[in-house]
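# Tertiary structure, described
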Amino acid sequence: MNNKKIWFITGASRGMGVDFAKAALAAGHAVVASARDSKAVSKAVGQSNDLLAVKLDVTSRADSEAAARAAVDRFGRIDVLVNNAAGFYAGYFEELSSAAGLVGFEFCSAYAASKFGLEGWMESLHPEVAPFGITTTIVNPGFFRTELLTEQSTQYAEPSIKDYDERREKQLEFWKAQNGQQSGDPAKLARALIIIASQEPPPRRFIAGADAMAIAEQKVADLKAQIDANRDLATSLDFDHVGRAGSGS
């Protein structure tokens, strides 16, 4: 195919990353699929002449540099980078020992904080790399039926503050019940990413899923209401303009 692209996907041994890799390969693209265990990538994604499985712990600079070199050595370039690797760390903020990009949720403070940070980085990165012909897209997925809420991918804060006991029990019950019940189909999301990656230019943001769309629309409405509630006060904060008396000749 003359529009063949080289995709580099992190977190490709399980969850959405596997679906992204399979969709890209099915569409005729080449894929560099990475995870902390490259053998697990090969087992999950399968075998293909257009697939390169590489070891990559995203917290390791040495791993990142080696994986990028391997990609370029094999395919000559990287066209699409999918930053997908993630885990779910939940709990009340005061009980976290220290990752929801549009809206923060109760019990997800650390998770949301990491997502908000990523969004700020991506929005700033966009104009920085645009002169080099590089584009960025923020993807805000809703609830997709992945392995994110399984025991292997989820960590909950150890209970330590009695004030949260009743609410914590309800939150844990809710999140554990969601595992395997999410409405979103990750294979469809993967195919959607193939479509938006081929657009010229690709969107700055892709809100994925009817549930995510509803959350985004509510966020817009809430922001508008908050802006209007104090519009006069907010627009009255500039220095007062003091006129200068001029002298005629």
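Conventions we followed
Residues numbered from 1 in each chain as written. Predicted model: local features only at pLDDT ≥ 70, side-chain atom pairs only at ≥ 80, totals over all residues. Heavy atoms only, no water. Patch = residues over 30% accessible without salt bridge, like charges linked within 9 Å, V, L, I, M, F, W, Y side chains within 5 Å. Areas by Shrake-Rupley, 256 points an atom, 1.4 Å probe, with all protein chains shown as cover. Salt bridge = Lys/Arg side-chain N within 4 Å of Asp/Glu carboxyl O. Helix = DSSP H or I, 4+ residues; strand = E, 2+ residues; numbered from the N terminus. Buried < 20%, exposed > 50% of the residue type's maximum accessible area, 1.4 Å probe, protein only. Pairing = 2+ DSSP bridges. Axes fitted to C-alpha atoms, helices over the stretch in contact; angles between N-to-C directions. Core = buried A, V, L, I, M, F, W, Y, C linked by side-chain atoms within 4.5 Å. Contact = heavy atoms within 4.5 Å.

For the rest of this paragraph, the subject is a nonpolar patch on the surface. Together, Val72, Ile78 and Leu81 give the surface a local cluster of nonpolar side chains, amounting to about 240 Å² of exposed area. With respect to the helices and strands, the residue Ile78 is situated in the loop between helix H3 (61-75) and strand S4 (80-82). For Ile78, a relative accessible area of 35% corresponds to the partly exposed category.

Right, let's get into the sheet that holds strand S2 (residues 30-35). Pairing within the open sheet is parallel, and its 4 strands lie in the order S3-S2-S1-S4. This sheet does not close on itself; its edge strands, each paired only once, are strand S3 (51-55) and S4. The mean angle between the axes of side-by-side strands here comes to 15 degrees, regardless of whether they run parallel or antiparallel. Sheet topology places S2 next to S3; 5 bridges connect them, and they run parallel. The partner of Ala33 across the bridge, within S3, is Ala53.

Let's shift gears to the environment of Tyr156. In this fold, Tyr156 is placed in strand S7 (residues 154-156). Note on Tyr156: relative accessible area 23%, which makes it partly exposed. In this structure the C-alpha to C-alpha distance between Tyr156 and Leu172, which are 16 residues apart in sequence, comes to 8.4 Å.

Here the amide bond leading from Glu200 into Pro201 is cis, since omega sits at -5 degrees, within 30 degrees of zero. The topology assignment puts Pro201 in the loop between helix H6 (186-197) and strand S8 (205-208).

Below, the discussion takes up the nonpolar core. Residues Trp7, Ile9, Phe20, Val31 and Leu189 are the most contacted members of the largest nonpolar core, which totals 25 residues. Mapped by element, the contributors of at least two residues to this core are strand S1 (6-9), helix H1 (16-26), S2, helix H2 (38-45), S4 and H6. Excluding residues within four positions of it along the chain, Phe20 makes contact with Ile9, Val82, Asn84, Leu189, Ala190 and Leu193. Counting 10 residues, the second largest nonpolar core, distinct from the first, contains Phe8, Ala30, Leu52 and Phe75.

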